[in-house]
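Okay, here's what each chain looks like letter by letter:
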Amino acid sequence: MHDKQDESVQFWIEEFLTARATRKPSPHTLEAYRRDLRSVADLAGETLTPPLPLDALPIDALSPRLMRAAFAGFAAPRAAASVHRAWSTWNSFFTFLVAEGVVPGNPMPAVGRPRAPLPQPKPLRGEDTPEELLAAVAGEAGRQRDPWPERDLAVLALALCAGLRLSELLALRVASVTGRQGERRVEVTGKGGRPRTVPIEDAVDRVLAEYVDSRRRRFGARSVRPDSPLLVDRRGEPLRRGGLQYLVESCYRRAGITDRVPRGARLHALRHTFATRLAEDGAGASEIMRLLGHASLTASQTYIEVTAGQQRAAVRSNRTNRALAGLFAQDLRSSGGPHDGGEVGLG
């Protein structure tokens, strides 16, 4: 056993987060780990008699019984997906503690967890909405004080035609766009530091080239060195999370499509549109998984399933199908019920 097994839960949470930081998670992910760990640990401390604050709660007090009670309190006001995420965080935390020799075993298998439903894709609504968005941003500056349509179009193109996440866009460098003419690609660092390559077509390559040229005119050649951030704000500073979200929302407003953006999707709606259109055009789950940087086929499969459901709904709405159903209904009414004859087969 570790010689610091009597250290507080608070101490070991910070040790775990430090160890986790070597995997290069986003600051948002690290903060989610901290929030889930502290929230459940606070409830565990409050369950004891007398209650103990986090900095006084010993790590060896986290028994299966105490963890079950804490998670019951944590789950009561929260959605199943939030509880599932917290369970996974705590399971990783205890795996770390066992590896460090701090506790003899992981109590989390004794703590129930809900099945987390896979999040459903939230693409832009409307068949031609992506095209309307691109055309509006490319051809109209709107009321902006300092319009930069080349930069805005580059952001939209990378999200709509390469399916990049917000964090992946922010991490791009000028040198991330590589390859010779006709074989251009974007080198992306995805979740968990996993690298992937996304091919880009000539149109996207041209959009990016025009953006880089416009940036060179604005800020000089030194602003587009290979190691420079690819996306910058109007002052030439690297775009940040809030600035990128605001930029995309501004594009939606200028294109007049805010009512076609799913609630809470923002930039992610563009990534979902990319994946949904891949599925609609016949891409398989494995291709979608590689292009989007998913860790497993399960998440990619949801795009296939949603598309299949949409296709069936479209077929069902066909007027000829409805007319055929009407003929069968009329036949049933005239015969007094279904036929009792032999099986009907397809030759």
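Just above sits the structure.
This section reports on the structure supplied with the text. (Residues numbered from 1 in each chain as written. Predicted model: local features only at pLDDT ≥ 70, side-chain atom pairs only at ≥ 80, totals over all residues. Heavy atoms only, no water.)

Some details on the overall build of the protein
- A tally of regular secondary structure across the protein gives 13 helices and three strands.
- For the protein, the proportion of its 347 residues judged to be buried stands at 37%.
- The long-range fraction of contacts in the protein, counting pairs at least 24 apart against all pairs at least 6 apart in sequence, stands at 60%.
- Carbon together with sulfur atoms contributes 52% to the accessible area of the protein, which is approximately 20,000 Å² in total. (Helix = DSSP H or I, 4+ residues; strand = E, 2+ residues; numbered from the N terminus. Buried < 20%, exposed > 50% of the residue type's maximum accessible area, 1.4 Å probe, protein only. Contact = heavy atoms within 4.5 Å. Areas by Shrake-Rupley, 256 points an atom, 1.4 Å probe, with all protein chains shown as cover.)

Side note on the pairing of strand 2 (residues 185-189)
- Along strand 2, the buried face is formed by Val186 and Val188; none of Arg185, Glu187 and Thr189, which line the opposite face, is buried.
- Note: strand 1 (residues 177-178) against strand 2, two bridges, orientation antiparallel. By the bridge assignment for strand 2, Val177 is matched with Val186.
- Taking the residues that link successive antiparallel strands as the turn, the strand 1-strand 2 hairpin has six residues, and the phi of Gly179 there is positive, at about 95 degrees.
- Bridge count for strand 2 against strand 3 (residues 195-199) is five bridges, and the pairing is antiparallel. Each residue of the ladder has a partner; that of Val186, found in strand 3, is Val198.
- Adjacent in sequence and paired antiparallel, strand 2 and strand 3 are bridged by five residues, among which Gly192 carries a positive phi angle near 65 degrees. (Pairing = 2+ DSSP bridges.)

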